[in-house]
Amino acid sequence: PKVLAWWRIGAALAGRGRIAMPFSGSRAISECFEILKQRFGPMLALWGVFFVVQMVLFVAVFAVMGLGGMGAMAGGMAGPELPAGFLLGMILFVVAMLYISGASSAALIAAASPLSRSSFADALRIGFLSGFTLMGFFALLIVAYIALVLVFVAIFAGIGMIVGQTAAIVVAVILGLT
C-alpha cells in the first residue's frame, strides 16, 4: 500500500545528509503546474467527491435541525434554553466537518504527490485513513487559537484596567483583533 510518509519524501530529496540539487523557485512552480496539468482530472474528481460528502452532511444536519425545531415548537417547548441533543448534534457536526476537511486535504495531497503515482482509489483511501490524524491536528490548531485569543483578551483587559476601556478597545481595533 502506498502511504504518504513525510520521512520518505525527505529521504528522497536528501542525499547523504544534503540536498542533491540546489533549490529553484521557478523550477518548483513549473513542476507544480506540470503535476496539476497531468493529474487535473483525478484531483477534480477527488475534490468533487468530498464536496458532495460535505453537501450531504450539511443537508442532513440542517434537515434534522429544522425538524427538531418544528417538533419543539409544536410540543410547546419555547424558551431560550437549548436542548442537549441540539448541542451534541452541533458538536458532532463540527467533528464531522473537521474529519471531511482532513480527509479531503490528505486525498488531494496523495493525488498530487510527485513521489507516488496514486490512483483515484488509492488517494481516496489514503484520504479517509488520514482524515482522523488531520482532524486531531485541526483540533489542536483550534485549541491553540482559542488559547491565543484568551491571552490577548487578558492583555487587553489589563490595558483597559490601566488606561481605560476606550483605549483598550481602540488598540484592539487598530490591531484587528475584534
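Residues numbered from 1 in each chain as written. Predicted model: local features only at pLDDT ≥ 70, side-chain atom pairs only at ≥ 80, totals over all residues. Heavy atoms only, no water.

## Let's talk about the overall build of the chain
Assigned secondary structure in the chain consists of 6 helices and 2 strands. Listing the helices and strands of the chain from first to last along the sequence gives α-β-β-α-α-α-α-α. Relative to its full complement of 178 residues, the chain shows a buried share of 20%. Within the chain, counting contacts between residues at least 6 apart in sequence, those at least 24 apart form 75% of the total. Counting every atom, the chain has about 12600 Å² of accessible surface; 77% of that belongs to carbon and sulfur. (Helix = DSSP H or I, 4+ residues; strand = E, 2+ residues; numbered from the N terminus. Buried < 20%, exposed > 50% of the residue type's maximum accessible area, 1.4 Å probe, protein only. Contact = heavy atoms within 4.5 Å. Areas by Shrake-Rupley, 256 points an atom, 1.4 Å probe, with all protein chains shown as cover.)

## Some points on the packing of aromatic side chains
Counted under the stated rule, the structure contains 8 aromatic pairs. When the centroid spacing of 4.6 Å and the interplanar angle of 40 degrees are considered together, the rings of Tyr99 and Phe132 count as tilted. Of this pair, Tyr99 sits in helix H4 (residues 84–112) while Phe132 sits in helix H5 (residues 120–163); the two residues are 33 residues apart in sequence, bridging distant segments of the chain. Ring plane angle 50 degrees and centroid distance 6.3 Å describe the contact between Phe137 and Phe138, whose orientation is recorded as tilted. Among the aromatic side chains, those forming a connected cluster through ring pairs are Phe50, Tyr99, Phe128 and Phe132. (Phe/Tyr/Trp six-rings, centres within 6.5 Å; stacked < 30°, edge-to-face > 60°.)

## Structural notes on the packing of H4 against H5
Relative orientation of the contacting elements H4 and H5 amounts to 125 degrees, with a least axis distance of 6 Å. By the criterion of interaxial angle, the relationship of H4 to H5 is oblique. The handedness of the crossing between H4 and H5 comes out as right-handed. Of the residues in H5, those in contact with Val95, Leu98, Tyr99, Ser101, Gly102, Ala103, Ser105, Ala106, Ala107, Ala110 and Ala111 of H4 are Ala123, Ile126, Gly127, Phe128, Ser130, Gly131, Phe132, Leu134, Met135, Phe138 and Ile142. (Axes fitted to C-alpha atoms, helices over the stretch in contact; angles between N-to-C directions. Parallel < 35°, antiparallel > 145°, perpendicular 65-115°, else oblique. Left-handed = near helix turned anticlockwise from the far one by under 90°.)

## Description of the side chain of Arg39
Here Arg39 is to be found in the loop between helix H2 (25–38) and helix H3 (40–74). For the buried Arg39, no salt bridge exists, and the shortest N-O distance to an oppositely charged side chain is 9.4 Å, to Glu34. In terms of polar contacts, Arg39 uses its side chain to reach the backbone carbonyl oxygen of Ala111, at 3.0 Å. Not counting residues up to four positions away in its chain, the partners in contact with Arg39 are Ala111, Ala112, Ser113, Pro114, Ser116 and Arg117. (Lys, Arg positive; Asp, Glu negative; His and termini not counted. Salt bridge = Lys/Arg side-chain N within 4 Å of Asp/Glu carboxyl O. Polar contact = N/O pair within 3.5 Å; in protein donor to acceptor, adjacent residues only side chain to side chain.)

## Side note on H5
For H5, with 44 residues, the first-to-last C-alpha span of 60 Å sits near the 64 Å given by 1.5 Å per residue. By the largest-angle criterion, Gly131 marks the main kink of H5, which is about 45 degrees. Considered for burial, the residues of H5 that qualify are Ala123, Leu124, Ile126, Gly127, Gly131, Met135, Phe156 and Gly160. Following H5 by one or two positions, Gly164 has its phi on the positive side, about 115 degrees. (Expected span 1.5 Å × (residues − 1). Bend = angle between axes of the 7 residues up to and from the residue.)

## Some details on the nonpolar core
Core analysis: the biggest nonpolar cluster contains 18 residues, and Leu46, Phe50 and Leu57 have the highest contact counts within it. At 9 residues, H4 tops the list of elements feeding residues into this core. Those residues in contact with Leu57, other than ones at most four positions away along the chain, are Phe93, Ala96, Met97 and Ile100. (Core = buried A, V, L, I, M, F, W, Y, C linked by side-chain atoms within 4.5 Å.)

## Notes on a nonpolar patch on the surface
Judged by side-chain polarity, Ile29, Phe33, Leu36, Phe40, Leu44, Trp47, Phe51, Val52, Met55 and Val56 come together as a nonpolar surface patch covering roughly 980 Å² of accessible area. Secondary structure elements with two or more residues in the nonpolar patch: H2 and H3. Looking at the nonpolar patch, the element that brings in the most residues is H3, giving 7 residues. Within the secondary structure, Phe40 sits in helix H3. For Phe40, a relative accessible area of 46% gives the class partly exposed. (Patch = residues over 30% accessible without salt bridge, like charges linked within 9 Å, V, L, I, M, F, W, Y side chains within 5 Å.)

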